[in-house]
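So the chains spell out like this:
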Amino acid sequence: MNKRPFLALFVTPAVLAALASAAALAAILQYAFRAYVPGSLDPGGFSLSNFEALLRPLYAQVFVQTVWICLLTAFITLVVAYPLAFALVRTRNVALKSFLLITAVTPLFLGEVVRTYSWIIVLGNTGFINSILMGLGLVERPVQMMFTTFGVVVALVHVTLPVMVIMLAAALSHIDVDYEKAATSLGAGPVKAFLTVTLPLSMPGVVAGVSTAFAWTFSAFATPQMIGGGRVSMISTLVYQLGFASFNFPFAAALSITGIALTFAVLAMAKQAIRPLEKIGAH
Amino acid sequence: MRRRLIPARIGERILKVAGWSVVALIVAFIILPAVVVAISAFNDRAILTFPPQSWSLRWFRRAFTYRDFAVGFQNGLIITAFASSIALVVGAGFAFAIDRYSFRGKRALEAMLTSPLVIPHFTIGLGFLILAAQVHATRTFALVIVCHVVLVLPFVMRSVYVSLRNLDGRLELAAASLGARPGMALWTVTLPLLIPGLFSGWLFAAILSFNEFTASLFVTAQATQTLPVAMYNYVREYADPTLAALSVIYIVVTAGLLTLANQFLGLGKVLNVEHAR
């Protein structure tokens, strides 16, 4: 008897889908090594000039700024997401659990445009926060939050939060509460039990969450584009600008390739960091 | 043992109150933009101000009658219907294959198909745009659909894979011992048991595809633009609260769908944040 019935039937569509992704990535890779012909949509011959251009201060600066924004967002998101994930996993009230879960997850499915637009109304000069501040007489002139790194990071934290909550909650839900109880019965207060038992055990989730948040922030486009308004540039906005304003697809491709390399490097480092941590948590 | 400054029980209570206050603040941070958008959607004036001086429903009317939104909505439905259904067939089949069989290239194939989780959407969008240009194809629905299938596939695979893991394998063995051939057991036992997982996978894919923006901005043309792309173009042209009205509809429908999904399928299990028992 055939031990693997229908294998081909199940795998062939997946192979086709994988080929489609591979073809798209190959297309980018190929364009990255072609010369840009101004005024033409077709690229020129083989060239390394795109990667040389990356080293120019103008573009190198965008890289540095992108990495900075991603790191900042990932760590702030971690601090904001942890208590929520903890409450979500530990509460025994079913209705509250559902409420927290829906609240945490809904933004994930709303898409970047709706969420970013909401933040424009919150952060704008005639927006929610400035109206309150000026209404209370705390400031005379609106505080500039649009088109600033601060505004972009606040909105990005909001965009990245659901993923972080899901990853942390997944890690926390796999920790046996008995470990904490054991610590408490040995005389540790709740704070000490958390710091010495639960927190270390959740570290694999923390590292996974931070690295995923980094990748998501790196991928964000609508938020830096709409809130940064051209004054806060990230790789994503630069790629779009190069593609659709100057039709320099070869350089856009080179930027994208470098971006993927950067993301994979960060994820690989995170994987290395998780390895010793998982040994602590193994049971 | 050290003596405590405050009795343990009161200390614990303070900690609990402090903890829940923090959680309440975080929930407020998550909900704040939605509330602000909802208020400004009913603002009568064309300029966004707080608090609104007078109220009206005119921006909802405009959201429903603005042509690009209607076209974007229709395009989105077409693209979503195809993309999520194709992704369901591809993803469910592959999740089954990963769960049950070992075959050559399994890991590589899995890595390739889950890579859109870490590869930026603008990169995937750019890739498909260049690919289309290379084969001299125009930006048709087919291009957008293929791009969306690739993007939502990891979510479908995950959803189906989780429900496969939670399946009781003995039921299939029982069917086989009663004389059912593999195909028969699959069709009459496994598939019906998988329906919640398949449905939630399809639903996630549909919501994600309908709302996908960044890659869509690259691969859609004027004729194929989806709702989020139309919304983005609107913000660049107008500053009135029409988009706020549309956002309110979006938020209500999405939260409703997710509550429904949670009710019937257990969102926590699908997202792996609680254990299936």
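Residues numbered from 1 in each chain as written. Chains lettered and ligands numbered in written order. Predicted model: local features only at pLDDT ≥ 70, side-chain atom pairs only at ≥ 80, totals over all residues.

Caption draft 1: Region of interest: helix 3 (residues 57-90) of chain A. Compared with the 50 Å implied by 1.5 Å per residue over 34 residues, the 49 Å span of helix 3 of chain A between its first and last C-alpha is a close match. Along helix 3 of chain A, the helix axis deviates most sharply at Ala81(A), where the bend reaches about 30°; the proline Pro83(A) sits within four residues downstream. (Helix = DSSP H or I, 4+ residues; strand = E, 2+ residues; numbered from the N terminus. Expected span 1.5 Å × (residues − 1). Bend = angle between axes of the 7 residues up to and from the residue.)

Caption draft 2: Seen up close, the interface of chain A and chain B. Each partner contributes residues to the interface: chain A has 78 residues there, and chain B has 80 residues. Ranked by residues supplied to the side of chain A that touches chain B, first place goes to helix 1 (residues 7-32) of chain A with 17 residues. A per-class count over the side of chain A that touches chain B returns 56 nonpolar, 19 polar and three charged. (Contact = placed C-beta atoms within 7 Å. Nonpolar A, V, L, I, M, F, W, Y, C, P; charged D, E, K, R; others polar.)

Caption draft 3: Structural context of the UniProt feature "transmembrane region" (unreviewed entry) in chain B. Residue and element names in this part refer to chain B. According to UniProt, the feature "transmembrane region" (unreviewed entry) maps to residues 20-42, 76-97, 117-135, 141-164, 185-207 and 242-261 in the numbering used here. Taken end to end, residues 117-135 comprises 74% helix and 0% strand; its first and last C-alpha atoms sit 26 Å apart. Here residues 141-164 is 100% helix and 0% strand, with 32 Å between the C-alpha atoms at its ends. (UniProt positions renumbered as here; feature names shortened; annotations may be inferred.)

Caption draft 4: Spatial organisation of the confidence of the model for chain A. Mean pLDDT over chain A: 88, with 96% of residues reaching 70 or higher. Across chain A, helix 11 (residues 222-228) of chain A holds the top mean pLDDT of 95, while helix 8 (residues 177-185) of chain A sits lowest at 82. (pLDDT = per-residue confidence, 0-100.)

Caption draft 5: Just the UniProt feature "domain: ABC transmembrane type-1" (unreviewed entry) in chain B, in detail. Within the UniProt annotation, "domain: ABC transmembrane type-1" (unreviewed entry) is assigned to residues 73-261 of chain B. When the span residues 73-261 of chain B is considered, its composition is 80% helix and 0% strand, and the gap between its end C-alpha atoms is 22 Å.

Caption draft 6: Representation of the UniProt feature "transmembrane region" (unreviewed entry) in chain A within the structure. All names here are of chain A. The UniProt record marks residues 58-82, 94-111, 117-138, 150-173, 193-216 and 251-270 with the feature "transmembrane region" (unreviewed entry), using the residue numbering of this structure. The span residues 117-138 is 68% helical and 0% strand by assignment, and the distance between its end C-alpha atoms comes to 26 Å. With 100% helix and 0% strand, the stretch residues 150-173 has end C-alpha atoms that lie 33 Å from each other.

Caption draft 7: Looking closely at helix 5 (residues 121-134) of chain B. All names here are of chain B. Between the first and last C-alpha of helix 5 there are 20 Å, a value that for 14 residues agrees with the 20 Å anticipated at 1.5 Å per step. For helix 5, the tally of buried residues reaches twelve of 14 residues, placing the bulk of the element in the interior. Buried residues of helix 5: His-121, Phe-122, Thr-123, Ile-124, Gly-125, Leu-126, Gly-127, Phe-128, Leu-129, Ile-130, Leu-131 and Ala-132, and no others. Following helix 5 by one or two positions, His-136 adopts a phi angle in the positive range, close to 55°. (Buried ≥ 20, exposed ≤ 12 C-beta atoms within 10 Å, placed from the backbone.)

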